[in-house]
Amino acid sequence: MSDAIDRAAGLTPEEALYQTRRLRPEFVEGAEACRLSVLTPEDEQGLPADLRVALAQRMAMLNQDAPLQQAYQAQLATLNPSEALLALAAGDEVSEEPLATIVRHADLVTQQPIRATEQHIRLLEQAGLSNPQIVALSELIAFVNFQTRVAAGLRLMRSA
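Not measured: the values here are computed from a predicted model.

Secondary structure summary: the protein chain contains nine helices and zero strands in total. Across the protein chain, helices and strands are ordered from the amino to the carboxyl terminus as α-α-α-α-α-α-α-α-α. Taken over the C-alpha trace, the protein chain has a radius of gyration of 16 Å; the compact-globule value for 160 residues is 15 Å, and the two agree within 12%. Within the span of the protein chain, comprising 160 residues, buried residues form 41% of the whole. Sequence separation of 24 or more characterises 63% of the internal contacts of the protein chain that already satisfy a separation of 6 or more. As displayed, the protein chain offers around 8700 Å² of accessible surface, 56% of which is attributable to carbon and sulfur atoms. Within the protein chain, one finds 13 positive and 21 negative side-chain charges whose respective centroids are separated by 7 Å.

Here you go:
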């Protein structure tokens, strides 16, 4: 069965690269389980699914990954997001707190991860995020950026 990374890379079950991924089913299954756990966890920790998916769409856009951006856009549409979340997902500036701090952090880690420091975590705390929320946000940011890189690598391999 295809997972989100297969779909983002454009892989089909007939392709050798799709079959090669299945040589390590724990990686395929693990990535899909991780995707579900960061986007729609049982305990949202106060970070609802529509916010998580909007952030994922924004990160896919920042990574210039059109297939993932479109996939997250379609998923977000099913969640009936607010206009503010649609704007966030589209890359617009956000001024409302704590959302603005969350977005700045996601953008920073996505675009310039080497510049992220402990001070940026303190800014999340100052914006009112709890430790579990910061961990959940970090997991989301890490996964989406991982997903975009794996999908991009698979697309390159597919085109070779």
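This next bit is on unusual backbone geometry. Following Glu-97, the chain continues into Pro-98 via a peptide bond in cis, with omega recorded as 5°. Its location among the elements puts Pro-98 in the loop between α6 (83–89) and α7 (99–111). At Gln-45, a position not held by glycine, the phi torsion is positive, near 55°. Within the fold, Gln-45 resides in the loop between α3 (25–39) and α4 (49–62). The exposure class of Gln-45 is partly exposed, given its relative accessible area of 29%. We note that Asn-80 has phi near 50°; this positive angle belongs to a residue other than glycine. For Asn-80, the position within the fold is in the loop between α5 (66–77) and α6.

This part takes up the packing of α4 against α5. Axis separation between α4 and α5 bottoms out at 8 Å; the angle between their running directions is 160°. As judged from the angle between their axes, α4 and α5 are roughly antiparallel. Considering the relative orientation of α4 and α5, their crossing is left-handed. Along the contact surface, α4 presents Asp-50, Val-53, Ala-54, Ala-56, Gln-57, Ala-60 and Met-61, while α5 presents Leu-68, Gln-69, Tyr-72, Gln-73, Gln-75 and Leu-76. Partitioned by chemical class, the residues of the contact of α4 with α5 number eight nonpolar, four polar and one charged.

Of all hydrophobic cores here, the largest spans 33 residues; its most connected members are Leu-55, Tyr-72, Leu-88 and Leu-137. Elements that contribute at least two residues to this core include exactly α3, α4, α5, α6, α7 and α9 (131–159). The element that contributes the greatest number of residues to this core is α9, accounting for eight residues. When residues no more than four places from it in sequence are discounted, the contact partners of Leu-137 are Leu-47, Leu-55, Ile-102, His-105, Leu-124 and Leu-129. Judged by nonpolar contacts, the second largest core, of seven residues, contains Ile-5, Tyr-18, Ala-31 and Leu-154.

Here the focus is the pattern of salt bridges. Pairing between side chains of opposite charge can happen when the charged atoms of each approach one another. Enumeration over the complete set of coordinates arrives at eleven salt bridges. Note that Arg-22 is salt-bridged to Asp-6, the shortest N-O span being 2.4 Å. Separated by 16 residues along the polypeptide, Arg-22 in the loop between α2 (16–21) and α3 and Asp-6 in helix α1 (residues 4–9) bring together distant segments of the chain. The buried category is assigned to Asp-6, whose relative accessible area is 0%. The salt bridge partner of Glu-26 is Arg-24, with a shortest N-O separation of 2.7 Å.

Criteria and cut-off values
All residue numbers refer to positions counted from 1 along the written sequence of the respective chain. Thresholds applied to this predicted model are a pLDDT of at least 70 for local features of residues and 80 or more for the giving and counting of side-chain atom pairs; totals over whole chains, interfaces and linings are not thresholded and use all residues. The side-chain quantities take in all heavy atoms of the structure and omit both hydrogens and water. Think of it this way: any DSSP run of H or I at least four residues long counts as a helix, any run of E at least two long counts as a strand, and we number them from the N terminus. Atoms considered for the radius of gyration are the C-alpha atoms alone. The globule rule reads 2.2 Å times the number of residues to the power 0.38. The rule is simple: take the accessible area with a 1.4 Å probe, protein chains only, and divide by the maximum for that residue type; under 20% is buried, over 50% is exposed, in between is partly exposed. It only takes one pair of heavy atoms within 4.5 Å for two residues to be counted as in contact. Note on areas: Shrake-Rupley with a 1.4 Å probe; residue coverage comes only from the protein chains shown. Asp and Glu are treated as the negative residues and Lys and Arg as the positive ones, with His and the ends of the chain left uncounted. By convention, charge coordinates are those of NZ in Lys, CZ in Arg, CG in Asp, or CD in Glu. A fitted line through C-alpha atoms represents every axis, and for helices the fit uses only the stretch in contact; the resulting angles, taken between N-to-C directions, go from 0 to 180 degrees. Roughly parallel means an angle under 35 degrees; roughly antiparallel, over 145; roughly perpendicular, 65 to 115; everything else is oblique. Crossings are sorted by hand: turned counterclockwise from the far helix by less than a right angle, the near helix makes the crossing left-handed, and turned clockwise it makes it right-handed. Residues were grouped as follows: Ala, Val, Leu, Ile, Met, Phe, Trp, Tyr, Cys and Pro as nonpolar; Asp, Glu, Lys and Arg as charged; and all remaining residues, including Gly, as polar. Take the buried residues of types Ala, Val, Leu, Ile, Met, Phe, Trp, Tyr and Cys, join any two whose side-chain atoms come within 4.5 Å, and each joined set is a nonpolar core. Salt bridge criterion: a side-chain nitrogen from Lys or Arg within 4 Å of a carboxyl oxygen from Asp or Glu.

The values are spatial; any link to function lies outside them.
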